[in-house]
Amino acid sequence: MSHSSSRQPRVLLLHGIWNPRSWLMPLALRLRQQGFRVDLFGYPSVFGGPDIAVPSLVERLQGSGPIHLVGHSLGGLVALEALRQAPDLDVPRVVCLGSPLCGSGTARALAEHGWSKALGRSGSLLLHGLPEWHGRAEVGLVAGNVAHGLGTLMGALHGDSDGTVGLEETRLPGLTDHCVVPVSHTGMVLSAEVVAMTAAFLRQGRFPSEAARYAG
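What you are looking at is a predicted structure, and each value in this text was computed from that prediction instead of being measured.

A. Structural detail: the sheet that holds strand β4 (residues 93-97). Pairing within the open sheet is parallel, and its six strands lie in the order β2-β1-β3-β4-β5-β6. The open sheet has two edge strands with one neighbour each: β2 (37-41) and β6 (177-181). In this sheet, adjacent strand axes meet at a mean angle of 20 degrees when their direction is disregarded. In the sheet, strand β3 (residues 68-72) pairs with β4 via four bridges, with the strands oriented parallel. Within the sheet, the bridge partner assigned to Leu-69 lies in β4 and is Val-94. Most of the contacts of helix α2 (residues 25-33) go to β2, to which it runs at about 165 degrees, and overall it touches β1 (10-14), β2, β3 and β4. Set on the sheet, helix α3 (residues 50-61) makes contact with β1, β2 and β3; between it and β2 the angle comes to about 150 degrees.

B. Looking closely at helix α9 (residues 192-204). The end-to-end C-alpha distance of α9, which contains 13 residues, comes to 18 Å, matching closely the 18 Å that a straight helix rising 1.5 Å per residue would cover. The inward-facing, buried residues of α9 abut β1, α2, β3, β4, β5 (138-144) and β6. Structurally, the start of α9 carries an N-cap: the backbone nitrogen of Glu-193 is 3.2 Å from a side-chain oxygen of Ser-191.

C. Local environment of unusual backbone geometry. Despite not being glycine, Ser-73 shows a phi value in the positive range, around 55 degrees. Here Ser-73 lies in the loop between β3 and α4 (74-85).

D. View of the packing of aromatic side chains. On inspection of all chains with the given rule, the structure shows two aromatic pairs. Ring centres of Phe-41 and Tyr-43 lie 6.2 Å apart, and the angle between their planes is 25 degrees; this geometry places the pair in the stacked category. Between Phe-201 and Phe-207, the aromatic rings sit 5.2 Å apart at their centres with planes inclined by 40 degrees, giving tilted as the arrangement. Given the relative accessible area of 0%, Phe-201 is considered buried. On the basis of relative accessible area, Phe-207 is assigned to the buried category, the value being 3%.

E. Here's a closer look at the side chain of Ser-184. Inspection of the secondary structure puts Ser-184 in the loop between β6 and α9. A distance of 3.2 Å separates a polar side-chain atom of Ser-184 from the backbone nitrogen of Gly-187.

F. Summary view of the environment of Asp-51. In this fold, Asp-51 is placed in helix α3. Taking relative accessible area as the criterion, Asp-51 reaches 62% and is therefore assigned exposed. The spacing of Asp-51 and Val-78 is 27 residues in sequence and 9.7 Å in space, taken between C-alpha atoms.

G. How the structure looks around the pairing of β1. Counting buried positions over the five residues of β1 gives four, a clear majority of the element. Pairing analysis gives four bridges linking β1 to β3, with the strands arranged parallel. Among the inter-strand pairings, Leu-12 is bridged to a residue of β3, identified as Leu-69.

H. A look at the packing of α3 against α4. Remark: α3 packs on α4, axes separated minimally by 9 Å, with the N-to-C direction vectors making an angle of 65 degrees. In terms of orientation, α3 and α4 fall into the roughly perpendicular class. Here the hand of the crossing between α3 and α4 comes out right-handed. Residues Ala-53, Val-54, Leu-57 and Val-58 of α3 form the contact with α4, whose participating residues are Val-78, Ala-79, Glu-81, Ala-82 and Gln-85. The residue makeup of the contact of α3 with α4, split by class, is seven nonpolar, one polar and one charged.

So, how was this worked out
Residues numbered from 1 in each chain as written. Predicted model: local features only at pLDDT ≥ 70, side-chain atom pairs only at ≥ 80, totals over all residues. Heavy atoms only, no water. Pairing = 2+ DSSP bridges. Helix = DSSP H or I, 4+ residues; strand = E, 2+ residues; numbered from the N terminus. Axes fitted to C-alpha atoms, helices over the stretch in contact; angles between N-to-C directions. Contact = heavy atoms within 4.5 Å. Expected span 1.5 Å × (residues − 1). Polar contact = N/O pair within 3.5 Å; in protein donor to acceptor, adjacent residues only side chain to side chain. Phe/Tyr/Trp six-rings, centres within 6.5 Å; stacked < 30°, edge-to-face > 60°. Buried < 20%, exposed > 50% of the residue type's maximum accessible area, 1.4 Å probe, protein only. Parallel < 35°, antiparallel > 145°, perpendicular 65-115°, else oblique. Left-handed = near helix turned anticlockwise from the far one by under 90°. Nonpolar A, V, L, I, M, F, W, Y, C, P; charged D, E, K, R; others polar.

See below:
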């Protein structure tokens, strides 16, 4: 490893439900172009869920030195739950992309329509979300407001949303910062603006002052 690469901030990406690890490759490429050393963390989101993903992530992070986490959707919930269960992990900052940290109305609609199996073992975490954040890591959340997605089709969302996750569902108490980008839920991993917001937070612990905020 070169001396310059050893100084690059390290980032681990976590995918959402129903997505393979490779789905985050475009996001990984753009973050590498921003000067980060990026790895991907895969887990069985339906058949394993947090019971598998959280301990596996904790094991991956233990003794690895400082590394930031970036999680799309369910991946953000898994990242924060791992830090909640293992608060001494060396994770300075976490960016959640469209994560329903307060619980998912779309997941509730799926369950109410008899499609709980689609959520698998991640159902409980998606339905109930997380408690207020008190961990050491600084947490930023990038929310989208282009309403194209499953939640909109099912009529599960009220108010502004990215089509799958409502903006209100992303506003977990204890976040360091929160911003809104004009993208849909699935479009987040392809968005140059999302990458810019993510990179800024990973470097500074805040989103840029010109970033859009949700007045709610």
